[in-house]
Amino acid sequence: MNAPALSRRSLLLQGGALVVGFSMAGRNALAQTFAPVATDGFTKAVAPDQVDSFLALGADGRATIFSGKVDLGTGIETAMAQIAAEELDLPLDRVAVVQGDTALTPDQGPTYGSLSIQKGGVEIRHAAATARARLVQRASERLGVPVDALETRDGAVRPKAGGPGLAYAELVTDGRLDLKVDPAVNTKDPARFALVGKSVARIDIPQKVMGRFTYMQDVRVPGMVHARVVRPPAIGASLESVDEGSVAGIPGVLKVVRQGNFLAVVAEKEWAAVKAAGQLGATWSKWEGLPEQDKLWQHVRATKVTKDDLTSSTGDAEAALGRAARTLEASYDFAIHTHGSIGPSCAVAELKDGLLTCWTASQMTHALRKQLAAMTGLAPEAVRCIYVEGSGCYGRNGHEDAAGDAALLARAVGRPVRVQWSRADEHGWDPKGPPTLIDLKAGLDADGNVAAWSSQFHVPEGAAGNVPLVAADLAGLPHETAMAPGNVIQNSALPYAFPNVRTVCHRLASTPFRPSWIRTPGRMQNTYANEAFLDECAAAAGADPLEYRLRALKDPRGIAVLERVAEIAGWQARPSPAADMSGDVLRGRGLSYVKYELNRTYVAGVAEVEVDRRTGRIRVPRFFVAQDCGQIINPDGVRNQLDGNVIQTVSRVLMEEVTFDRGGVTSLDWASYPIITFPDVPEVVTALIDRPTEKPWGAGEPSAAIVPAAISNAIFDATGARLRSVPFTPAKVKAALRAT
Amino acid sequence: MAQQMSLDVNGRAARVSVDDPDTPLLYVLRDDLGLHGPRFGCGLGQCGSCTVHVDGQAVRSCITPVSGLKPGAKIVTLEGLGTPEMPHPVQAAFIAEQAAQCGYCINGMIMQSAALLNETPKPDEAAIRQALAQNLCRCGTHLRIVRAVQRAAGTL
Ligand code: FES
Ligand code: FES
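Numbering of residues starts from 1 in every chain and runs along the sequence as written. All chains are assigned letters beginning with A, and all ligands numbers beginning with 1, in the order in which they are written. With the structure being a predicted model, the display of local features is reserved for residues of pLDDT at least 70 and the display and counting of side-chain atom pairs for 80 or more, all residues being used for whole-chain, interface and lining totals. For side-chain calculations, the full set of non-hydrogen atoms in the structure is used, while hydrogens and water are omitted.

The name that an unreviewed UniProt entry assigns to chain B is Nicotinate dehydrogenase subunit A, with the source organism given as Methylobacterium hispanicum.

For chain A, an unreviewed UniProt entry supplies the name Nicotinate dehydrogenase subunit B and the organism Methylobacterium hispanicum.

Printed below as a string of structure tokens:
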């Protein structure tokens with residue numbers, strides 16, 4: 001996207017493929033909607049069962065793909081184009097992708113859960129294959145050649161025997177096919193793939209590298225003003241008074257907007273808004289509703305449980321524990337984390353003639369549209385969310401909240417408003433990955449095998465719904481009240497065939513901060529506890545950690561990733577800890593494995609660590625990872641994701657923790673919430689197992705799940721000390737070393 | 001009282017009007033001049049995403065008051081470093097290495113690296129990592145970024 005100023009029209013014509021103008025259907029104020037209408041009177045389909053919802057074939061021989069899933073910096077724009085170009089037999093540069101515009105794209109669900117390719121991409125594949133089949137059929141009728149004797153190549157249907165063919169553009173009159181997607185359609189034989197499975201250069205990278213890309217933070221619309229929010233100093237504080245005079249001297253300040261506890265300043269220029277937000281005088285009530293940070297885990301343990309989710313039950317774990325030759329017991333915890341986007345959240349909203357347009361980097365524009373409608377009292381049809389890529393979000397960060405702020409302010413000032421969060425707004429007010437506490441017990445038989453496994457996860461209730469918008473909450477406008485931490489019970493159950501297993505998730509009525517999903521929600525924390533505790537069992541049994549896992553693993557694809565990672569890491573079979581523990585810097589290796597959600601992507605990893613006994617500092621010089629995510633669309637893109645997951649998660653495990661006092665977050669910048677920097681970034685060695693004839697599965701999240709346990713296991717291997725509390729700070733490392 | 005200023009940005013004279021001489025250069029570049037290269041990340045000098053060159057030096061524009069610039073200072077942003085037809089070697093290397101995920105940090109990475117290569121044409125990997133130690137990336141693109149700088153330096 002490189003339009004310097006965005007207009008609805010320029011967004012629509014992005015890619016130059018689809019000949020539609022944009023107009024409002026219905027002119028009277030009550031019936032206004034955002035149903036886009038083509039110049040010839042047709043409405044752009046968005047229903048998920050229509051081919052036209054997903055693609056349009058242009059008169060210029062180009063195709064436009066309409067994707068409800070959006071590129072959050074992971075490269076799926078390119079992958080979607082690859083999938084569609086492959087099915088349509090078009091060169092990649094003749095496919096453009098429009099993403100996440102609620103008026104133009106089907107609702108394919110939020111962009112989370114590593115489902116973009118697996119679900120979104122497959123839907124686009126089916127739409128494209130359905131379109132292709134119809135084009136071939138039409139060509140057959142026009143050319144008088146049987147379907148079987150035709151092929152598609154380079155945007156045209158041609159007789160296999162040679163002779164003139166028909167370009168797609170000649171087979172569709174107006175870009176539309178008016179056809180239902182056939183989910184059972186024959187898709188292309190992977191043996192004939194020319195684009196899928198090949199490393200293709202990403203569409204967006206040249207513009208990003210040349211400074212020509214339009215991020216959400218770059219969007220400017222005519223007449224727009226700038227706002228900054230002024231959040232309460234304590235999460236639950238009430239606004240008592242505002243001294244508007246305190247910002248009167250700042251040129252260009254237009255308005256102080258106050259609604260309930262929502263407070264913001266609006267100015268002609270951005271810097272004036274920044275200054276005014278810092279200078280605005282306001283008094284707030286005292287609020288100290290958070291637990292004390294150093295009593296966090298007692299607080300979690302004491303939180304009311306609203307229900308138990310039994311996520312797996314085999315045999316009788318309690319009885320088997322009683323019979324076991326040996327039992328082990330441990331508790332693991334994973335701190336509260338922030339998403340940590342490098343660019344704070346931003347949105348632009350405009351309310352005009354009863355219609356709200358919101359430019360947003362939201363990962364879930366279709367859901368956000370409904371949230372904004374509920375908050376403003378508009379009908380959902382009167383709200384349009386237009387996706388513009390922002391800074392990477394790694395889950396549900398503050399993008400949606402900034403959109404809520406912008407919508408509220410657009411209504412308050414009657415002009416388009418851009419809201420840019422500050423660094424402190426993002427660190428302080430993005431929803432947080434909730435604290436996770438896990439208690440585990442295992443019983444080993446006389447041979448050291450796991451005979452019984454019983455685990456209890458203390459995690460907030462709720463799933464992956466809509467996270468309540470901060471603006472709606474502060475302003476007392478309608479909003480959701482349920483927590484939406486993500487599907488955090490996933491991977492609490494095990495991928496191993498132990499005879500007696502019971503895994504229970506105690507769902508908590510509350511958690512200190514508004515929760516949401518951070519990348520690999522629950523799967524990361526749960527796999528950490530499972531795979532580290534399993535390593536404790538292996539050590540107790542005196543077994544090699546790889547051999548110990550393979551004993552209880554029946555799944556050939558799981559076995560394959562473990563064997564592959566062992567191969568690239570040069571894994572030496574021996575029990576942990578290592579025999580040699582002399583010297584100040586100790587070295588170790590640790591293994592970890594996940595089958596994502598127990599039904600898709602397989603990942604195995606090996607961490608190498610160095611532990612400095614004097615300082616307690618951990619370094620991870622190298623990390624090896626092997627992954628099978630089924631059919632790979634863009635191998636280079638998958639490798640980029642593996643690097644990213646490993647590096648981000650090493651950062652989470654070694655240093656990250658939201659700090660807070662009784663009122664709110666105190667880690668409000670990068671000095672107080674440090675993340676990994678270049679000198680400490682590990683080398684990442686990756687191995688991909690491509691299975692072109694299998695379904696494509698997600699690659700954006702799964703590999704984060706294996707990182708924490710691999711590091712914990714490697715530290716144990718190096719030192720004999722077990723780290724069970726993320727982050728593994730030098731203080732915790734030193735304490736663990738003292739205890740061994 | 002708004003103050004008129006003349007800046008040399010990407011080889012062109014630009015006239016801007018600022019209400020506050022303390023306005024950080026970042027806001028002038030982004031809001032007054034409509035540039036998209038330098039990015040707002042923290043406003044605190046902590047992340048590097050706002051980096052530009054001032055007289056060839058990598059500078060964090062979020063903490064550089066526009067009035068503090070020397071008269072005639074030459075400001076270069078990512079847009080002015082190279083053009084799509086003639087990318088700077090560091091830009092070409094970032095494309096060749098596919099060194100971006102969301103890309104939000106990439107402005108800072110390229111501007112910092114280009115300044116490094118001006119001073120030290122053949123840095124080794126450790127020197128590159130050290131030179132970029134104050135530039136944050138959350139997507140975990142670090143390894144590709146380092147390879148891209150090595151490629152630009154001809155040391156890959
Ligand atoms: S925005 Fe300037 S250093 Fe972060
Ligand atoms: S590529 Fe996203 S922050 Fe670096």
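Asks: Outline the overall build of chain A, supporting the account with residue identities and numerical values.
Replies: Strands here mean DSSP runs of E at least two residues long; helices mean DSSP runs of H or I at least four residues long; both are numbered from the N terminus. Looking only at helices and strands, chain A has 19 helices and 25 strands in total. Over its C-alpha atoms, taken along the principal directions, chain A stretches across nearly 80 × 75 × 45 Å. Only protein chains enter the accessibility calculation, which uses a 1.4 Å probe; a residue whose area is less than 20% of its type maximum is buried, one above 50% is exposed, and one in between is partly exposed. Counting across all 740 residues of chain A, residues that qualify as buried make up 62%. Between two residues, a contact is recorded if the distance between any of their heavy atoms is within 4.5 Å. For chain A, the share of sequence-separated contacts (at least 6 apart) that also reach a separation of at least 24 residues comes to 77%. Computed with the Shrake-Rupley method and a 1.4 Å probe, the accessible areas treat only the protein chains shown as cover for residues. Of the roughly 24,700 Å² of accessible surface on chain A, a fraction of 52% belongs to carbon and sulfur atoms. In this tally, Asp and Glu contribute negative charge and Lys and Arg positive charge; neither His nor the terminal groups of the chain are included. Charge placement uses NZ in Lys and CZ in Arg. For Asp and Glu, CG and CD serve respectively. If you average the places of the 79 positive and of the 81 negative side-chain charges in chain A, the two averages end up 1 Å apart.

Asks: So what about the interface of chain B and chain A? Which residues, and what values?
Replies: At the interface, 55 residues of chain B touch 67 residues of chain A. Both sides of the chain B and chain A interface together cover about 4,900 Å² of buried area, and 56% of this is carbon and sulfur. When two parts are put together, the accessible area they lose, computed with a 1.4 Å probe and summed over both, is reported as buried area. Broken down residue by residue, the surface that chain B buries against chain A is led by H36, Q101 and R138 of chain B, which jointly contribute 17%. By definition, a salt bridge exists where a carboxyl oxygen of Asp or Glu is found within 4 Å of a side-chain nitrogen of Lys or Arg. Across the chain B-chain A interface, the total number found is eight salt bridges. Put simply, E683 of chain A and R129 of chain B hold a salt bridge, and the shortest N to O gap is 3.3 Å. A 3.5 Å cut-off defines polar contacts: any pair of N or O atoms within that distance qualifies, except that in protein one atom must be a possible hydrogen donor and the other a possible acceptor, and neighbouring residues in sequence count only when both atoms are side-chain atoms. Counting every contact that joins chain B to chain A gives 36 residue pairs in polar contact (both at pLDDT 80 or more). Put simply, the parts of the chain that give the side of chain B that touches chain A at least two residues each are helix 1 (25–32), helix 2 (78–81), helix 3 (89–96), helix 4 (106–119), helix 5 (125–131) and helix 6 (142–153) of chain B. Looking at the side of chain B that touches chain A, the element that brings in the most residues is helix 6 of chain B, giving five residues. Residues belonging to the side of chain B that touches chain A are distributed by class as follows: 25 nonpolar, 18 polar and twelve charged. Nonpolar residues are Ala, Val, Leu, Ile, Met, Phe, Trp, Tyr, Cys and Pro. Charged residues are Asp, Glu, Lys and Arg, and all others, Gly as well, are polar.

Asks: Give a description of the sheet that holds strand 21 (residues 585–595) of chain A that names residues and reports values.
Replies: Residue and element names in this part refer to chain A. Judged by pairing direction, the sheet is mixed, and its four strands sit side by side in the order 21-22-23-24 without closing on themselves. This sheet does not close on itself; its edge strands, each paired only once, are strand 21 and strand 24 (683–688). Strand-to-strand twist across the sheet, computed as the mean angle between neighbouring axes with direction ignored, equals 15°. When DSSP finds two or more bridges between two strands, those strands count as paired. With axes taken as lines fitted to C-alpha atoms, and helix axes fitted only over the stretch in contact, angles between N-to-C directions fall between 0 and 180 degrees.

Asks: Give a description of the packing of aromatic side chains that names residues and reports values.
Replies: All names here are of chain A. Here a Phe, Tyr or Trp ring, Trp counted by its six-membered ring, pairs with any other such ring whose centre lies within 6.5 Å, and the pair is stacked when the planes are under 30 degrees apart, edge-to-face when over 60, and tilted otherwise. The final tally for this structure, using the stated rule, is 14 aromatic pairs over all chains. Geometrically, the ring pair formed by Y112 and W517 is edge-to-face, given 5.2 Å between the ring centres and 90° between the ring planes. Of this pair, Y112 sits in the loop between strand 3 (95–99) and helix 4 (116–143) while W517 sits in the loop between strand 20 (501–508) and helix 14 (523–540), and the two are 405 residues apart along the sequence. You can call W517 buried: its relative accessible area is 2%. Our definition puts a charge over a ring when NZ of Lys or CZ of Arg is within 6 Å of the ring centre and also within 35 degrees of the ring normal. Here the guanidinium or amino end of K44 rests over the ring plane of F66, the centre of that ring lying 4.1 Å away. The residue whose ring lies beneath K208 is F213, and the NZ or CZ to ring-centre distance is 4.9 Å.

Asks: Any chance you could break down empty space enclosed by the protein for me, citing the residues and the numbers?
Replies: Grid points spaced at 1 Å and placed over the protein atoms alone form the basis of the search, with a cavity being a set where a 1.4 Å probe fits but cannot get out and a pocket an open set showing protein on both sides within 12 Å along at least five of seven lines. Lining residues have an atom within 4 Å of a point. Grid points are joined across faces, edges and corners, and a volume is the space filled by probe spheres set on the points. Following the criterion strictly, the structure yields nine cavities of 30 Å³ or more and no others. Here the largest cavity is characterised by a volume of approximately 570 Å³. Lining the largest cavity are 36 residues, and of these T74, I76, Q641, A699 and G700 of chain A lie nearest its centre. Within the residue set of the lining of the largest cavity, elements represented by two or more residues are helix 3 (76–88), helix 4 and helix 17 (635–655) of chain A. Along the lines of polarity and charge, the residues of the lining of the largest cavity split into 17 nonpolar, 16 polar and three charged. Estimated volume of the second largest cavity: approximately 130 Å³. Along the walls of the second largest cavity sit 15 residues, with K269, W271 and A272 of chain A together with D19 and T23 of chain B positioned nearest its centre.

Asks: Run through the environment of G590 of chain A, naming residues and quoting values.
Replies: Inspection of the secondary structure assignment puts G590 of chain A in strand 21. Between the alpha carbons of G590 of chain A and L546 of chain A there is a distance of 9.5 Å; along the sequence they are 44 residues apart.

Asks: Explain the side chain of R30 of chain B residue by residue, including any values.
Replies: Locating R30 of chain B in the fold gives a position in helix 1. Note on R30 of chain B: relative accessible area 5%, which makes it buried. Among the polar contacts listed, one links the side chain of R30 of chain B to the backbone oxygen of Q217 of chain A, at a separation of 2.7 Å. With near-sequence residues (within four places) excluded, R30 of chain B lies in contact with Q217, D218, R220 and R418 of chain A together with L35, H36, P38, R39 and F40 of chain B.

Asks: I'd like to hear about the nonpolar core, residue by residue, with values.
Replies: Among the nonpolar cores identified, the biggest contains 90 residues, and W453, F498, F533, V609, I711 and F728 of chain A are the most heavily contacted of them. At eight residues, the largest contribution of residues to this core is made by helix 14 of chain A. One finds Y215, L296 and V665 of chain A together with I145 of chain B within the second-largest nonpolar core, a separate group that totals 50 residues. Working definition of a nonpolar core: buried Ala, Val, Leu, Ile, Met, Phe, Trp, Tyr and Cys residues. They are joined through side-chain atoms within 4.5 Å.

Asks: So what's going on with the sheet that holds strand 2 (residues 63–67) of chain A? Residues and values would help.
Replies: Residues and elements named next belong to chain A. Read across the open sheet, the three strands follow the order 1-2-3; overall the sheet is mixed. Strand pairing shows two members of the sheet lacking a second neighbour, strand 1 (55–57) and strand 3, which therefore form its edges. When strand polarity is set aside, the average angle formed by the axes of neighbouring strands in this sheet is 20°. Its contacts with the sheet place helix 3 against strand 1, strand 2 and strand 3, and it is angled at close to 130° to strand 3. Across the sheet, helix 4 lies against strand 1 and strand 2, angled at about 30° from strand 1, the strand it touches most.

Asks: Outline the environment of H36 of chain B, supporting the account with residue identities and numerical values.
Replies: In this structure, H36 of chain B sits in the loop between helix 1 and strand 3 (51–54). The buried category is assigned to H36 of chain B, whose relative accessible area is 13%. Residues H36 of chain B and T77 of chain B lie 41 residues apart in sequence; the distance between their C-alpha atoms is 8.9 Å. With near-sequence residues (within four places) excluded, H36 of chain B lies in contact with G211, F213, T214 and D218 of chain A together with R30 and E79 of chain B.

Asks: Lay out the environment of L57 of chain A in plain terms, naming residues and giving numbers.
Replies: Residue and element names in this part refer to chain A. Here L57 shows up in strand 1. For L57 and R212, which are 155 residues apart along the polypeptide, the C-alpha to C-alpha distance reads 27 Å. Residues in contact with L57, not counting those within four places in the same chain, are R62, A63, L88, L135, Y168, V172, G175 and L177.

Asks: Requested: an account of helix 4 of chain A, with residues and values cited.
Replies: The span one expects for a helix is its residue count, reduced by one, times 1.5 Å. Along its 28 residues, helix 4 of chain A runs 38 Å from first to last C-alpha, staying within 8% of the 40 Å computed at 1.5 Å per residue. Looking one or two residues past helix 4 of chain A, G144 of chain A carries a phi angle of roughly 70°, positive in sign.

Asks: Give me the lowdown on the pairing of strand 10 (residues 262–267) of chain A, citing residues and values where you can.
Replies: Residues and elements named next belong to chain A. With six of six residues buried, strand 10 is to be regarded as a mostly interior element. Of the two faces of strand 10, the one carrying F262, A264 and V266 and the one carrying L263, V265 and A267 are both buried. Examined bridge by bridge, strand 7 (residues 225–229) and strand 10 share four bridges and lie antiparallel to one another. Bridging across to strand 10, H226 finds its partner in A267. In this sheet, strand 10 lies alongside strand 9 (residues 253–259) in antiparallel orientation, the contact comprising six bridges. The residue of strand 10 that forms the bridge with K255 is V266.

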